[in-house]
Amino acid sequence: SGQDVLDALPDPLILIDRRRRIISANTAAGELFDMDRTAQRLAARLREHELMMGYIAAQPFVRAMDPARCEQSVQELVGLTPEYLGVGTRDLRGNSVCSYRRNVPGAQQMMGYAWFTRSLKSSGFLASDAFMVPLARRWATMLTLPVRDQDDRQVGVVVLPIDLLRLAPPRGEDSFDRSVDN
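Computed from a prediction, not measured in an experiment: that's the story for all the values here.

Can you tell me about the nonpolar core, naming the residues and giving the values?
Within the largest apolar cluster, 18 residues are counted, with the highest numbers of intra-cluster contacts made by Met53, Ile56, Val87, Val147, Val158 and Leu160. In terms of residue count, strand S6 (residues 154–163) provides more of this core than any other element does, 4 residues in total. Judged by nonpolar contacts, the second largest core, of 11 residues, contains Tyr113, Leu120, Ala140 and Val157.

Following this line, the structure appears as structure tokens:
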């Protein structure tokens, strides 16, 4: 009978709820995809920085930790790639060996930074937790890579601050929070 057919149809509220759940699941899946894509892009950028810092750490005058003879190719790199302006090398006591910035923190101040002392104990590339760079008053992650001498002993570290605002994707592009945009 006609009533049996009507009774067999789902309640309109159930249909609306199912549609809302499907839309919500699709939105969540899209956000997860965006986050995954962003994570992949950030991992690739960190790998690029690790490779470039490895190049710097392998330079002869950097390996020699000779403050009087900063490697020319590193200076040229800084000139070509502004994001490397903050790159520098430090010895195991925190002394600045080679830096392209003025007013760099002293050894005592460096030894007070947890990210720096961790880098001295590390055998490889590290990215610190968020760190407020005192002079710049900007949040950064401090990337570090050991510098080894010709006998493969760690003699210092290459340090590269990465401004977290520059590392973050622009609004609307791989953004984690799309609720503001929609």
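Having seen the model, we can carry on.
Tell me what's going on with helix H6 (residues 114–121), and back it up with residues and numbers.
An α-helix turns once per 3.6 residues; consequently, residues spaced three or four apart project the same way. Restricting attention to buried positions, one finds in H6 the residues Trp115, Phe116, Ser119 and Leu120. One side of H6 carries all its buried residues, which in axial view fall inside an arc of 140 degrees. In this structure, the buried residues of H6 make contact with strand S1 (88–91), helix H5 (107–111), strand S3 (126–127), strand S4 (131–133), strand S5 (138–148) and S6.

I'd like to hear about the pairing of S6, residue by residue, with values.
Where burial is concerned, most of S6 is hidden: 9 out of the 10 residues are buried. Sheet topology note: the S1/S6 ladder contains 4 bridges and is antiparallel. Bridge pairing in S6 places Thr89 opposite Val158. Here 9 bridges tie S5 to S6, and the two strands are oriented antiparallel to one another.

Describe the side chain of Gln154, and please don't skip the residues or the numbers.
Along the polypeptide, Gln154 turns up in strand S6. Here the side chain of Gln154 touches Gly156 through a polar contact of 3.3 Å, landing on its backbone oxygen. Discounting residues that sit within four places of it in the chain, Gln154 has contacts with Leu92, Ser119, Leu120, Ser122, Pro146, Val147 and Arg148.

Please give an account of the packing of aromatic side chains that cites residues and values.
Scanning the entire structure with this criterion turns up 4 aromatic pairs. Residues Tyr113 and Phe131 carry aromatic rings whose centres are separated by 4.8 Å and whose planes lie at 75 degrees to one another, so their mutual orientation is edge-to-face. One end of the pair, Tyr113, is in the loop between H5 and H6; the other, Phe131, is in strand S4, and 18 residues separate them in sequence. Exposure class is identical for Tyr113 and Phe131. Each is buried. Ring centres 5.8 Å apart and planes at 85 degrees place the aromatic pair Trp115 and Phe116 in the edge-to-face group. Its relative accessible area of 0% is what places Phe116 among the buried residues. Cluster of aromatic residues (ring-pair linked, three or more members): Tyr113, Trp115, Phe116 and Phe131.

Talk me through the environment of Gly124; I want residue IDs and the actual numbers.
Structurally, Gly124 is set in the loop between H6 and S3. Apart from residues no more than four positions distant in its own chain, Gly124 is found in contact with Thr144, Leu145 and Pro146.

Quick rundown of the environment of Asp66? Include the residues and the values.
With respect to the helices, strands and loops of the structure, Asp66 is situated in the loop between helix H3 (60–63) and helix H4 (72–80). Spatially, the C-alpha atom of Asp66 lies 10.0 Å from that of Asp91, the residues being 25 residues apart in sequence. With sequence-adjacent residues up to four places away left out, Asp66 is seen in contact with Phe61 and Val97.

Describe in detail the pattern of salt bridges, supporting the description with residues and values.
Here the idea is simple: oppositely charged side chains can pair when their charged atoms come close. On inspection of all chains with the given rule, the structure shows 8 salt bridges. Where Arg148 meets Asp152, a salt bridge forms, and the shortest distance between an N and an O atom there is 3.9 Å. Classification of Asp152 by relative accessible area gives exposed; the value is 53%. Arg153 is the partner of Asp149 in a salt bridge, and the nearest nitrogen-oxygen pair spans 2.9 Å.

Lay out the pairing of S5 with the relevant residues and their values.
In summary, the side chains of a regular strand alternate between the two faces of the sheet. Across the 11 residues of S5, 8 count as buried, placing the element largely inside the fold. Alignment of S3 against S5, held across 2 bridges, turns out to be antiparallel. Bridging from a neighbouring strand, Ala127 pairs with Leu143 of S5. Following S4, the chain reverses through 4 residues before pairing antiparallel with S5; Arg137 in that reversal takes a positive phi of roughly 55 degrees. Connecting S5 to the next strand, S6, in antiparallel fashion are 5 residues, including Asp152 with a positive phi near 65 degrees.

Here is what the cut-offs are and how they apply
Residues numbered from 1 in each chain as written. Predicted model: local features only at pLDDT ≥ 70, side-chain atom pairs only at ≥ 80, totals over all residues. Heavy atoms only, no water. Core = buried A, V, L, I, M, F, W, Y, C linked by side-chain atoms within 4.5 Å. Buried < 20%, exposed > 50% of the residue type's maximum accessible area, 1.4 Å probe, protein only. Helix = DSSP H or I, 4+ residues; strand = E, 2+ residues; numbered from the N terminus. Arc of directions from axis to C-beta. Contact = heavy atoms within 4.5 Å. Pairing = 2+ DSSP bridges. Polar contact = N/O pair within 3.5 Å; in protein donor to acceptor, adjacent residues only side chain to side chain. Phe/Tyr/Trp six-rings, centres within 6.5 Å; stacked < 30°, edge-to-face > 60°. Salt bridge = Lys/Arg side-chain N within 4 Å of Asp/Glu carboxyl O.

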